[in-house]
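# Fold and contact review
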Amino acid sequence: MSKIQHDMVVNTPHAQEARIVLEALHTSEEGLGQSAVHERMEKYGPNELPAAAPTPAWKRFLLQFHNVLIYVLLVAAAISLLLDHYVDSGVILAVVIVNALVGFIQEGKAEAALRAILSMTKTQCTVVRDGEPTSVDSAQLVPGDIVVIQSGDRVPADLRLFYCKNLRCDESALTGESQAVEKQSNCVAAESALAERTNMAYMGTLVTTGTARGVVCETGTSTEIGTISDLVQQTALPETPLQKQLKRFAQQLSIAILVLSAVSIIFGVTVRDYSFAEMFQAAIGIAVAAIPEGLPAIVTIALAIGVQRMARNKALVRRLPSVEVLGSVDVICSDKTGTLTTNTMTAREVIHAARHYQVSGDGYSPEGRIEACDASSTQSPDDELLGRACLVAMLCNDASIRKVDGEWQLSGDPTEGALLALAGKRGFSRQGGRQDWPRIDELPFETERRYMATLHGGTDGKNLLAMKGAPERIIPLSRLQLGTDGPEDIDRDYWHQALDTLAQRGMRVMALAQKHAPDISQLDQDFAEQDLTLIALVGISDPPRPEAIESIRQCHAAGIRVKMITGDNPTTAAAIGRELGLNASRVLTGSELDKLGPDELMQAVEQTDIFARASPSNKLQLMDALQRGGHVGAMTGDGVNDAPALRKADIGVAMGRQGTDAAKEASDIVLTDDNFSTIAKAVEEGRTVYDNIVKSILFILPTNLAEAAIIIVAIIGGGLLPITPVQILWINMVTAVTLALALVFEPPEPNIMSRPPRPQGQGFITPSLLTRIVLVGFTAAAIVFWLFSHYNGSGDKSVEFSRTIAVNSLVMVEAVYLINCRILSGSVFSPNILRGAWPSIFAIVSVIVLQLGFTYLPVSQRIFGLAPIAVEDWLLILIVALPILLIVELEKLIWRGFASRRRHTTNREPCR
């Protein structure tokens, strides 16, 4: 065999005859000898995945400082230290360090996806070497080894099967295929999708029934799971929208501060004849006043509060900025199996010769109802035909279900579990059935036969053959059908039409048949395939979660598109998609996606909601196309195959109960209840967190603008500063820890889930909010200057007294303005204004108490240069501060009117 032929065989073993694969790997069904094993171990290495080197703790801590705003704060702290402003410098450094510590603790478990995959795949296996079966650690397998697998085993490597007996493998964690895959040993097409390579068993998948032998084709990182681990390792964590916006905001703010400082220096030196040294110190004062020192801590606390709220709603957050990201996504790509569906096969419909039934209840629970589809029918669910169908479904069955810790659990094949649960809903028990109809013999399911048959001895001495299998196989073998009056000639057109009805709904259909066998004690294929009586067809599917349907509706109402990505076949995917409320007019398969160019792929992603037969690389393609198209994408999933896309996505959401460790560790958020509806709650919480961060910024910036404006105006006017730098520090501290902090506790606004996601490029500060910041900042500065000038110019008041009035007036303006900030654009004069108001009320009361101590305590008066003021002075401060409430509400009203007119113009139909 030439090297080219050898490489072709090794690269596409599923397309080659088993004997050719064995030849290419220089092995046989007797297995390898010890010397060959040793040589190949040296060449290929152990059958395991390399663990990712964890990021050192020191590096993770230093990365918390990699933020433009943090850089600005560190520079401000250093300059404050050089100017002997030790208190200012200490406070800024404390804020930066606390912020870094919170982020360091929250992100301590990052980069663990590969270790999770490694722990999943370690197992013992049976291998044939020198003709003898032996048990070895799966890490000791090499290409060419002959491996024996059977029910309950975890497949230890990628195998080309050459012998199968009733083998089925659960590959949902790898391919997303919800049904156990029937395996066989014959060749399949070279271009077959991963889920369609029925002669291969892949590392990490689970054998549900049967036994098989196969030759190891790939080990370690060369396996399909190894390829996924490489994808995870190569996929960099994206910046979240919040991180991007904070970076952009910090850059814009830094530029604005530098421009203001430069202009002040130039003006002071050239116009006011100040020395450069004096103006440089003044410029530093402007910078310190304008920098929102408390903002990083406010953002971190807002995110931390979001983490706590989401944990109460069964969503665990692994990366702190991820709290906000769900609030900004406009597309959620969801795995089907186990995420949108229950990941349990369920009998949904039964059709016999006289009636069509619907079955309620999900999963493997025998609790539910079987009701006729025709509500006017006099046919009872207790009819004999239905009872006989359920009896055969129970007898021709090797599965078992039992209740463990309040939940029904399956042992065996999922399809058989669904049939067993159906029989339970009709009142049959497996134990009672075995006593009344003991099994005498059986023909196990084989791919070539496509059915299973069992022989039972009845209490009346009449033996019964029970059969279940593919309708395409059993209908042609049936001569009769069971009618209401007994066996009658079969109406094949009726059954084919019934089969089409169930298949079009994306169901897996099983046919149930029987045959009296009074004189038979041993089954053979010839007898089983003659003169069968067809009883019923049963439609089985992995049903959608009822709550997922409602959650998708909520997402659509919130302007979020949901896309389903699955390993199932297109028909099943489309049927489930329709039930979920998705657009099922177009379904694209993974092989079709592979043929599309970058631009075509972006267009396809925009127009398609359902993707079938998708591989891990397809999921990465889709997420990349969405992100290139300007979308903020979330990916949900639970399998090993989802891990790379979960990591690539702007936000990865893993299922906590049925999800693999690999999916959980690659994700940003883990849903502890595996409930898609939890995502809708998380979206609401994410939007609330973002709103509250914006509210905090909207509150903090006018204060900083007012303080900077006060210094600049004083420089321009050449007069005294109404507020000194140390007093500015006090204002920033007291308002950040009381008033601004109160806003992060705000409840969601009433319309939060009826508005579309914010645009990708939109920053924190929109034109309307910028208008408000400037309006409030300069209004507050004007109030401070007016009061300071009023008292300082009277002649009988000291500078200390006037500055005490100025400081308290600025704080009081902020306390009143806090009420405006509780609602971003709506009016605060509404019945709901008191909902969730206790943090703001507590903050206002606290800041008043602090200001009283600040004003009247002797030690405070010495440190800050203050003087006591009278009650009538407080009344004047309050009277001057209150109008800010009305001014801001008037500004909101104007912007709401402008937005309403713009919507009316946009939505107006063209003239005809």
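Reading the values: the criteria
- Residues numbered from 1 in each chain as written.
- Predicted model: local features only at pLDDT ≥ 70, side-chain atom pairs only at ≥ 80, totals over all residues.
- Heavy atoms only, no water.
- Helix = DSSP H or I, 4+ residues; strand = E, 2+ residues; numbered from the N terminus.
- Buried < 20%, exposed > 50% of the residue type's maximum accessible area, 1.4 Å probe, protein only.
- Areas by Shrake-Rupley, 256 points an atom, 1.4 Å probe, with all protein chains shown as cover.
- Pairing = 2+ DSSP bridges.
- Axes fitted to C-alpha atoms, helices over the stretch in contact; angles between N-to-C directions.
- Contact = heavy atoms within 4.5 Å.
- Salt bridge = Lys/Arg side-chain N within 4 Å of Asp/Glu carboxyl O.
- Parallel < 35°, antiparallel > 145°, perpendicular 65-115°, else oblique.
- Left-handed = near helix turned anticlockwise from the far one by under 90°.
- Nonpolar A, V, L, I, M, F, W, Y, C, P; charged D, E, K, R; others polar.
- Expected span 1.5 Å × (residues − 1).
- Patch = residues over 30% accessible without salt bridge, like charges linked within 9 Å, V, L, I, M, F, W, Y side chains within 5 Å.
- Lys, Arg positive; Asp, Glu negative; His and termini not counted.
- Charge placed at Lys NZ, Arg CZ, Asp CG, Glu CD.
- pLDDT = per-residue confidence, 0-100.

### Remarks on the overall build of the protein
Helix and strand counts for the protein come out as 35 helices and 27 strands. Looking at the 912 residues of the protein, the share that counts as buried comes to 56%. Surface exposure of the protein reaches about 38,200 Å², of which carbon and sulfur atoms provide 56%.

### What to know about the sheet that holds strand β22 (residues 561-565)
Taken in spatial order, the eight strands of this open sheet run β8-β27-β26-β25-β9-β22-β24-β23, and their pairing is mixed. Two strands close off the open sheet at either side, each with one partner strand: β8 (315-317) and β23 (587-589). On average, each strand axis in the sheet is inclined to that of its neighbour by 20 degrees, with strand direction left out of account. Bridge count between strand β9 (residues 331-335) and strand β25 (residues 633-637): four bridges; the pairing is parallel. Residue pairing in the sheet places Ser-334 in a bridge with Thr-636 of β25. Set on the sheet, helix α22 (residues 570-580) makes contact with β22, β23 and β24 (610-612); between it and β24 the angle comes to about 155 degrees.

### Examining unusual backbone geometry
Outside of glycine, negative phi angles account for most residues, and trans bonds account for most peptide bonds. Within the chain, Asp-130 stands out as a residue other than glycine whose phi angle is a positive 55 degrees. Counting through the fold element by element, Asp-130 comes out in the loop between β1 (124-129) and β2 (132-137). Positive phi values are uncommon outside glycine, yet Asn-166 reaches one of about 55 degrees. Inspection of the secondary structure puts Asn-166 in strand β4 (residues 158-170).

### Focus on the pattern of salt bridges
Enumeration according to the criterion identifies 28 salt bridges in this entry. Here Asp-145 and Arg-129 are joined by a salt bridge, their closest N and O atoms 2.7 Å apart. Placement of the pair is Asp-145 in the loop between β2 and β3 (146-150) and Arg-129 in strand β1, with a sequence separation of 16 residues. Each of the salt bridges in this network shares a partner with another, and the network as a whole consists of Arg-168, Glu-182, Asp-413 and Arg-508.

### Observations regarding the packing of helix α28 (residues 677-717) against helix α30 (residues 767-792)
α30 packs onto α28 with a crossing angle of 45 degrees between their chain directions and a minimal axis gap of 8 Å. Judged by the angle between their axes, α28 and α30 are oblique. As α28 runs across α30, the sense of the crossing is right-handed. Of α30, the residues touching α28 (which contributes Val-694, Leu-698, Leu-701, Pro-702, Leu-705, Ala-706, Ala-709, Ile-710, Val-713 and Ala-714) are Leu-769, Arg-772, Ile-773, Val-774, Val-776, Gly-777, Phe-778, Ala-780, Ala-781, Val-784 and Phe-785. For the contact of α28 with α30, the class distribution of residues is 19 nonpolar, one polar and one charged.

### Examining the side chain of Thr-533
Within the fold, Thr-533 resides in strand β21 (residues 532-541). Contacts of Thr-533, omitting those with residues within four sequence positions, involve Leu-480, Gln-481, Leu-482, Ala-513 and Gln-514.

### Description of the side chain of Asp-691
Locating Asp-691 in the fold gives a position in helix α28. Excluding anything up to four places from it in sequence, Asp-691 contacts Ile-752, Arg-755 and Leu-824.

### Overview of helix α31 (residues 799-821)
Over its 23 residues, α31 runs 33 Å from end to end, which matches the ideal 33 Å to within 8%, given 1.5 Å per residue. Taken across its 23 residues, α31 has 20 buried, putting it largely inside the fold.

### Some words on the packing of α28 against α31
Where α28 meets α31, the closest approach of the two axes is 10 Å, and the angle between their N-to-C directions is 155 degrees. In terms of orientation, α28 lies roughly antiparallel with respect to α31. For the pair α28 and α31, the crossing hand works out as right-handed. Each of Lys-695, Leu-698, Phe-699, Pro-702, Thr-703, Ala-706 and Glu-707 in α28 lies in contact with α31, whose residues at this interface are Leu-810, Glu-814, Tyr-817, Leu-818 and Cys-821.

### Here we look at a nonpolar patch on the surface
Among the surface-exposed residues, Tyr-71, Leu-74, Leu-93, Ile-97 and Leu-101 lie close enough to one another that they form a single nonpolar patch of about 400 Å² accessible area. Elements with a contribution of two residues or more to the nonpolar patch: α5 (68-82) and α6 (86-106). Within the element layout of this structure, Leu-101 appears in helix α6. With a relative accessible area of 39%, Leu-101 lands in the partly exposed category.

### Observations regarding the pairing of β21
Summarising burial for β21: ten of the ten residues are buried, a large majority. Bridge analysis of strand β10 (residues 346-352) against β21 gives six bridges, and the strand direction is antiparallel. By the bridge assignment for β21, Thr-346 is matched with Ser-541. As paired strands, strand β20 (residues 508-516) and β21 are joined by seven bridges and run antiparallel to one another. In the sheet register, Leu-512 faces β21, and the bridge partner there is Ala-536.

### A few points about a negative patch on the surface
Residues Asp-485, Glu-488, Asp-489, Asp-491 and Asp-493 make up a contiguous surface patch of negative charge. Within the element layout of this structure, Glu-488 appears in strand β19 (residues 486-489).

### Thoughts on the environment of Ala-682
Of note, Ala-682 is situated in helix α28. Between the C-alpha atoms of Ala-682 and Lys-314, which are 368 residues apart in sequence, the distance is 9.3 Å. Among all residues touching Ala-682, those that are not within four sequence positions of it are Met-310 and Leu-326.

### Looking at the confidence of the model for the protein
Interpreting fine coordinate detail is not advised for predicted regions of low pLDDT. Summing up the model confidence of the protein, the mean pLDDT is 82 and the portion of residues at 70 or higher is 85%. Segment residues 109-122 is flagged for pLDDT under 50; beyond a separation of four residues in sequence, or across chains, it makes 41 contacts in the model. Counting interchain partners and residues more than four positions distant, the pLDDT-below-50 stretch residues 908-912 has zero contacts.

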